[in-house]
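The residues making up each chain are set out below.
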Amino acid sequence: TSPAARCAEPKAPRAASYTTGWDTIDKFAVVLAREGEDAMRKKLRPVEDGLVVTRPLEVVMIDEHTLDLIAFFEQNDWREKFTDEQWDQRIRPA
């Protein structure tokens, strides 16, 4: 086919054209447009109560943050609270 004929033929859009960009749409705007302001406020409001527990250790959360204890103890003058043996065995293991 000639270049002019190829330009005249419309091409169907790719499937990705319909799905690209949906992640960038503001959730507040979508719910507001579809369901109204009251529904938007109810669905997307901040959580007020958080976790409600009835007994100790019902919920245990672990923070996986790495902390440099040696620097922390030295900066806060806690080094003198440990004996040399404790410092060498527990704080600075071999």
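Undergrad: Even after reading the chapter, I still don't get the overall build of the protein chain, so can you show me in this structure?
TA: The number of helices and strands found in the protein chain is six helices and zero strands. Starting at the N terminus and ending at the C terminus, the protein chain contains elements arranged as α-α-α-α-α-α. Counting every position in the protein chain, which comprises 94 residues, the buried fraction comes to 5%. Accessible surface, the protein chain as shown: approximately 9400 Å² in total, 55% of it carbon and sulfur.

Undergrad: Hey, could you run me through a nonpolar patch on the surface in this one?
TA: Taken together, the side chains of Leu-51, Val-53, Val-59 and Met-61 present a nonpolar region at the surface, about 410 Å² in accessible area. Structurally, Met-61 is set in the loop between α4 (37-44) and α5 (69-75). Met-61 gets classed as exposed once you look at its relative accessible area, which sits at 64%.

Undergrad: What is the right way to look at the confidence of the model for the protein chain in this model?
TA: In this model, the protein chain carries an average pLDDT of 79, and 85% of its residues clear a pLDDT of 70 or more. The element-level mean pLDDT for the protein chain is lowest in helix α1 (residues 3-8), coming to 66, with helix α3 (residues 27-35) highest at 89.

Undergrad: Is there a simple way to explain unusual backbone geometry in this structure?
TA: Glycine aside, residues mostly have negative phi, and peptide bonds are mostly found in the trans state. Positioned with a positive phi, Leu-57 is a non-glycine residue whose angle comes to about 65°. One non-glycine residue with positive phi stands out, namely Asp-77, at about 55°. Relative to the assigned elements, Asp-77 resides in the loop between α5 and α6 (84-91).

Undergrad: I keep staring at the packing of aromatic side chains and nothing clicks. Help me out?
TA: Both the distance between ring centres and the angle between the ring planes are used here to describe each pair of aromatic rings. Applying the stated criterion to the full structure yields four aromatic pairs. Aromatic side chains Phe-72 and Trp-78 sit 5.3 Å apart centroid to centroid with 85° between the ring planes, which places their arrangement in the edge-to-face category. Given the relative accessible area of 33%, Phe-72 is considered partly exposed. Classification of Trp-78 as partly exposed rests on a relative accessible area of 34%. One aromatic cluster is present, built from ring pairs that chain together Phe-72, Phe-73, Trp-78 and Phe-82.

Rules used throughout
Once a new chain begins, its residue numbering starts again from 1 and follows that chain's sequence as written. Where totals are concerned, whole chains, interfaces and linings use all residues; where local detail is concerned, this predicted model gives features only for residues with pLDDT of at least 70, and gives and counts side-chain atom pairs only at 80 or more. Just so you know, side-chain values use all the structure's heavy atoms and leave hydrogens and water out. Secondary structure elements follow DSSP: runs of H or I no shorter than four residues count as helices, runs of E no shorter than two count as strands, and numbering proceeds from the N terminus. Partly exposed residues are those whose accessible area sits between 20% and 50% of the maximum for their type, while under 20% is buried and over 50% is exposed, using a 1.4 Å probe and protein chains only. Note on areas: these come from Shrake-Rupley sampling with a 1.4 Å probe, and a residue is covered only by the protein chains present in the view. Residues form patches when they are more than 30% accessible in relative terms and have no salt bridge. Like charges link within 9 Å. Nonpolar side chains (Val, Leu, Ile, Met, Phe, Trp, Tyr) link within 5 Å. Whenever a carboxyl oxygen of Asp or Glu lies within 4 Å of a side-chain nitrogen of Lys or Arg, that contact is scored as a salt bridge. Values of pLDDT, the confidence the predictor places in each residue, fall between 0 and 100. Geometry of aromatic contacts follows a simple scheme: Phe, Tyr and Trp rings, the Trp one being its six-membered ring, pair when their centres are within 6.5 Å, and the pair is stacked under 30 degrees between planes, edge-to-face over 60, tilted otherwise.

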